[in-house]
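Observations on chain architecture
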Amino acid sequence: MRLWLLGVRGSTPAPGPDFVRYGGHTSCVAIAADGHDAPTLVLDAGTGLRTLTALLPGPAYRGAILLSHLHWDHVQGIPFFVAGDHYQSVVDLYLPAQGGLSGRDLLARMMSPPSFPITPEGLRGAWTFNALPPGRIDIGGFAVTAAEVAHKGGRTYGYRVDDLSGSLAYLPDHAPVQGCSDEVRAMIRGVDVLLHDAQFLESERSTADLFGHATVDEAITLANEANVGTLVLFHHSPVRTDTQLDALARELAASMPVVLAVEGQRIDIPG
Ligand SMILES: [Zn+2]
Ligand SMILES: [Zn+2]
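Quick caveat: nothing in here was measured; it's all calculated off a predicted structure.

How each quantity is defined
- Residues numbered from 1 in each chain as written.
- Chains lettered and ligands numbered in written order.
- Predicted model: local features only at pLDDT ≥ 70, side-chain atom pairs only at ≥ 80, totals over all residues.
- Heavy atoms only, no water.
- Helix = DSSP H or I, 4+ residues; strand = E, 2+ residues; numbered from the N terminus.
- Donors = N, O, S within 2.8 Å, 3.2 Å for Na, K, Ca; no water.
- Tetrahedral: all angles 85-135°; square planar, octahedral: opposite > 155°, others 65-115°.
- Buried < 20%, exposed > 50% of the residue type's maximum accessible area, 1.4 Å probe, protein only.
- Pairing = 2+ DSSP bridges.
- Axes fitted to C-alpha atoms, helices over the stretch in contact; angles between N-to-C directions.
- Contact = heavy atoms within 4.5 Å.
- Polar contact = N/O pair within 3.5 Å; in protein donor to acceptor, adjacent residues only side chain to side chain.

Attention now moves to unusual backbone geometry. Cis geometry marks the peptide bond from Pro 113 to Pro 114, where omega comes out at 5°. Checked against the element boundaries, Pro 114 lands in the loop between helix H1 (103-108) and strand E6 (126-132). Cis geometry is found at the peptide bond from Ile 269 to Pro 270, where omega equals 0°. Note that Pro 270 resides in the segment after strand E14 (266-268). Phi angles above zero are rare outside glycine, and Ser 11 is one such case at about 75°. You can see Ser 11 is positioned in the loop between strand E1 (2-7) and strand E2 (28-32).

Listed below in structure tokens is the structure:
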């Protein structure tokens, strides 16, 4: 499979000259199945989702979108995804089931007046909004596993995606200090690529704990324990400049390959 990192920031977009190289869009990863050119699976719909339209062979998106959770930095791209808001689009959107509400009603909590001009059904095309329980599901030829992870404010999932070519796990917002379940550890065990929350540094520990996020060191420890192939540090703090991220990349010490996510980066699995 092939991944495109379309947004690698957490919390808010980070525009400006200090954020050009690592990019300023919030969380979004597009995935094409092995042997296919076009992405048909998207992980999270942060502002980076806007840039997916240019990668598609046609004007409309046909595929799925999996949301890790409903915080703004993971959903704000939805109504601005031109190929999704298109009369020919066919989009199945999945989000963590919670509170006994439908997928539509959960999304409408942030996407409806007065917070936003339209409701979910105002999107053009054929959309479905699905409240997803934890567990295994086949979506468009991918085997998807969803497991609940510790974060703050609403239910949050980490995902694993497998196809015949390989595997990746995606945990953009995760507070391992609150406890990492056996289920989550099993889900990420041995994946080819792990994209993991690395918003904070150990020197920012109190803020990381307050906001329910991981530190870079925690991400590395988890990846080491899970014996992953490559760790991709993801969900960078919106105040971390290119210069600071370069410095961080030079200091990393781990027993497996570790890279910092860069907006626009393409990752092939197997690499
Ligand atoms: Zn986030
Ligand atoms: Zn979050």
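All right, on to the coordination of the zinc ion (ligand 1) then. Note on metal sites: the ideal angle is 109.5 degrees for four tetrahedral donors, and 90 or 180 degrees for six octahedral donors. On the protein side, the zinc ion (ligand 1) has Asp 73 (OD), His 74 (NE2), Asp 173 (OD) and His 235 (NE2) as donor atoms, found 2.1 to 2.2 Å from it. If you look at the zinc ion (ligand 1), its four donor atoms make angles of 92 to 161° with each other, and the shape they trace is irregular. In primary sequence terms, the donor set of the zinc ion (ligand 1) follows D-H-x98-D-x61-H. In this structure, the zinc ion (ligand 1) lies 3.5 Å from the zinc ion (ligand 2), and both are coordinated by Asp 173. Of the two residues, His 74 sits in the loop between strand E4 (62-66) and strand E5 (90-96) while His 235 sits in the loop between strand E12 (230-234) and helix H5 (242-251), which places them 161 residues apart along the sequence. The class for His 74 is buried, based on a relative accessible area of 0%.

Turning our eyes to something else, we now look at the sheet that holds E12. If you walk across this open sheet you meet the seven strands as E7-E8-E9-E10-E11-E12-E13, and the pairing is mixed. Each edge of the open sheet is held by one strand with a lone partner, namely strand E7 (135-139) and strand E13 (258-260). When the angles between neighbouring strand axes are averaged without regard to direction, this sheet yields 20°. Sitting on the sheet, helix H4 (residues 216-226) is in contact with strand E11 (193-197) and E12, with an inclination near 155° to E12.

Attention now moves to the side chain of His 235. Owing to a relative accessible area of 0%, His 235 belongs among the buried residues under this scheme. In this structure the side chain of His 235 is engaged in a polar contact, spanning 3.0 Å, whose partner is the side chain of Asp 73. In terms of polar contacts, His 235 uses its side chain to reach the side chain of Asp 173, at 3.1 Å.

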